[in-house]
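What follows is the residue order along each chain.
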Amino acid sequence: MAISMEDILLIDDDVELCEVLTEYLGRYDLRVHAVHRGDTGLEAARRRDWPMILLDVMLPGLDGFEVLKQIRTFSHGSVMLLTARGEEVDRIVGLEMGADDYLPKPFNPRELLARIRAVHRRASPAAPPNNPETSTLVVDDLVLDRAALRATQAGQPLDLTDVEFTLLEMLMRSPGKVVEREELAEAVLGRKFNPFDRSLDMHVSRLRRKLATDPDADDLVKTVRGSGYQLVLRRAAAGGRS
């Protein structure tokens, strides 16, 4: 069976919660495939190219963080952590390991639906494939093809998650300019910016590391305190130092 945005893999040992989410999301034509163990959930993740995986942290068989770590070795699809472990350190660990978002339990199913819809919007091409002028962005040695969902740096493919790809696209559309956190949060996370939510900062940190090809060079993604982030133009930076 072909996979579309309507197919969601839910890995959670709370059987009752899985039944509630399956019934609720089913009203909106979202097909939930529930698995209740970490090890069998990882097997299910390997069998298909899931556009969305909902993953609990406290799982029998295999810890959710370990499942996430292994998923990121073969999939760039969106992974959202669902867990009762709401401590800041757990949230940061999950985002650093490649989770796209984090929704602590208990949560309103409507909030989960909104997050899923935000992922769907990110995954939808922003421009028609036959319009290369708007679907392909080039900044210095960075090339981003929105239609093909592919990004390269100096000709080498960049290994980006869906969130990191959208974040890079937003920065490349305004090279050398500051993109405000509020705008990035809406586009990348699908929700209003919250100064107490570290999700955006963690995604920027991961993207910054992946773009760092020269350990002696300045970061390509610059933090502008109190405002947002800026994709630094290498040629402009080099010209300023000469």
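Preceding this paragraph is the structure being described.
Quantities reported herein were computed from a predicted structural model and do not represent experimental measurements.

Enquirer: Quick rundown of the environment of Val 179? Include the residues and the values.
Expert: Inspection of the secondary structure assignment puts Val 179 in strand S10 (residues 178–180). Considering only alpha carbons, one finds Val 179 and Thr 223, 44 residues apart in sequence, at a separation of 9.9 Å. Ignoring any residue separated from it by four or fewer positions in sequence, one finds Val 179 in contact with Met 170, Leu 171, Ser 174, Leu 184, Gly 228 and Tyr 229.

Enquirer: Let's hear about helix H3 (residues 64–71): which residues, and what values?
Expert: Since there are 3.6 residues in each turn of an α-helix, residues three or four apart along the chain are aligned in direction. Listed in full, the buried residues belonging to H3 are Gly 64, Phe 65, Val 67, Leu 68 and Ile 71. Looking straight down H3, one finds its buried side chains confined to an arc of 160°; they lie on one side. Buried residues along H3 sit against strand S1 (7–11), helix H2 (38–47), strand S3 (52–56), strand S4 (78–83) and helix H4 (88–96). The residue sitting at the N-terminus of H3 and contributing the capping side-chain oxygen is Asp 63; that oxygen lies 2.8 Å from the backbone nitrogen of Phe 65.

Enquirer: How would you summarise the packing of helix H7 (residues 162–172) against helix H8 (residues 181–189) if you had to cite specific residues and measurements?
Expert: Packing of H7 against H8 brings their axes to within 9 Å, and their N-to-C directions diverge by 140°. Between H7 and H8, the angle is such that the two are oblique. For the pair H7 and H8, the sense of crossing is right-handed. Touching Val 163, Thr 166, Leu 167 and Met 170 of H7 are Glu 183, Leu 184, Ala 187 and Val 188, all from H8. In terms of residue class, the contact of H7 with H8 is made up of 6 nonpolar, 1 polar and 1 charged.

Enquirer: Talk me through empty space enclosed by the protein; I want residue IDs and the actual numbers.
Expert: What the rule picks out here adds up to 2 cavities of 30 Å³ or more. The space that makes up the second largest cavity amounts to roughly 30 Å³. In terms of lining, the second largest cavity is formed by Ala 185, Leu 189, Arg 191, Lys 192, Phe 193, Asn 194, Asp 197 and Leu 200. Tallied by class, the residues present in the lining of the second largest cavity amount to 4 nonpolar, 1 polar and 3 charged.

Enquirer: So what's going on with the side chain of Thr 152? Residues and values would help.
Expert: Relative to the helices and strands, Thr 152 resides in strand S8 (residues 150–153). By relative accessible area, which is 9% here, Thr 152 ends up buried. If we ignore the near neighbours within four places in the chain, the residues touching Thr 152 are Asp 141, Leu 142, Val 143, Pro 157 and Leu 158.

Enquirer: Residues and numbers for the nonpolar core, please.
Expert: Leu 167, Leu 168, Leu 171, Met 172, Leu 211 and Leu 231 are the most contacted members of the largest nonpolar core, which has 26 residues in total. At the level of secondary structure, the elements contributing two or more residues to this core comprise strand S6 (136–139), strand S7 (142–145), H7, H8, helix H9 (199–211) and strand S12 (228–231). Top contributing element to this core by residue count: H7, with 7 residues. In contact with Leu 171, other than residues within four places in its own chain, are Val 179, Leu 207, Val 221, Tyr 229, Gln 230 and Leu 231.

Enquirer: Could you give an account of the environment of Leu 55, naming the residues involved and the relevant values?
Expert: If you trace the backbone, Leu 55 turns up in strand S3. Taking the C-alpha atoms as reference, Leu 55 lies 4.9 Å from Ile 11; in sequence the two are 44 residues apart. Excluding residues within four positions of it along the chain, Leu 55 makes contact with Ile 11, Gly 64, Val 67, Leu 68, Val 79, Met 80, Leu 81 and Leu 82.

Enquirer: How would you explain unusual backbone geometry if you had to name every residue and give the values?
Expert: At the junction of Lys 105 and Pro 106, the peptide bond is cis and its omega measures out at -5° in the coordinates. Along the polypeptide, Pro 106 turns up in the loop between strand S5 (101–104) and helix H5 (109–123). For Leu 149, which is not glycine, the phi torsion reads 55° and is therefore positive. When you line up the elements, Leu 149 lands in the loop between S7 and S8. Judged by its relative accessible area of 47%, Leu 149 is partly exposed. We note that Ala 154 has phi near 55°; this positive angle belongs to a residue other than glycine. Within the secondary structure, Ala 154 sits in the loop between S8 and strand S9 (156–157).

About the criteria used
Each chain carries its own residue numbering, running from 1 in the direction its sequence is written. Local features in this predicted model are restricted to residues whose pLDDT is 70 or higher, and side-chain atom pairs enter the listing and the counts only when it is 80 or higher, whereas totals over whole chains, interfaces and linings include all residues. In computing side-chain values, all of the structure's heavy atoms are included and hydrogens and water are not. A run of DSSP states H or I qualifies as a helix once it reaches four residues; a run of E qualifies as a strand once it reaches two. Both are numbered from the N-terminal end. By the convention used here, residues are in contact when the closest approach between their heavy atoms is within 4.5 Å. Exposed residues in this analysis have more than 50% of their type's maximum accessible area, buried residues have under 20%, and partly exposed residues fall in between, with area computed by a 1.4 Å probe over protein chains only. The arc in question is the one spanned by the directions pointing from the helix axis to the C-beta atoms. For this analysis, a polar contact is any N or O atom pair within 3.5 Å, provided that within protein one partner can donate a hydrogen and the other can accept it, and provided that sequence-adjacent residues contribute only side-chain to side-chain pairs. Axis definition: a line fitted to C-alpha atoms, over the contacting stretch in the case of helices. Angles run 0 to 180 degrees between N-to-C directions. These descriptions rest on fixed angle ranges, namely under 35 degrees for roughly parallel, over 145 for roughly antiparallel, 65 to 115 for roughly perpendicular, and the rest for oblique. Two helices crossing with the near one rotated counterclockwise from the far one by less than a right angle form a left-handed crossing, whereas a clockwise rotation gives a right-handed crossing. Classification convention: Asp, Glu, Lys, Arg as charged; Ala, Val, Leu, Ile, Met, Phe, Trp, Tyr, Cys, Pro as nonpolar; all other residues, Gly among them, as polar. Both site types are read off a 1 Å grid over the protein atoms alone. A 1.4 Å probe that fits but cannot get out defines a cavity, while an open set with protein on both sides within 12 Å along at least five of seven lines defines a pocket; lining residues have an atom within 4 Å of a point. Grid points are joined across faces, edges and corners, and a volume is the space filled by probe spheres set on the points. By nonpolar core we mean a set of buried residues, namely Ala, Val, Leu, Ile, Met, Phe, Trp, Tyr and Cys, connected to one another through side-chain atoms within 4.5 Å.

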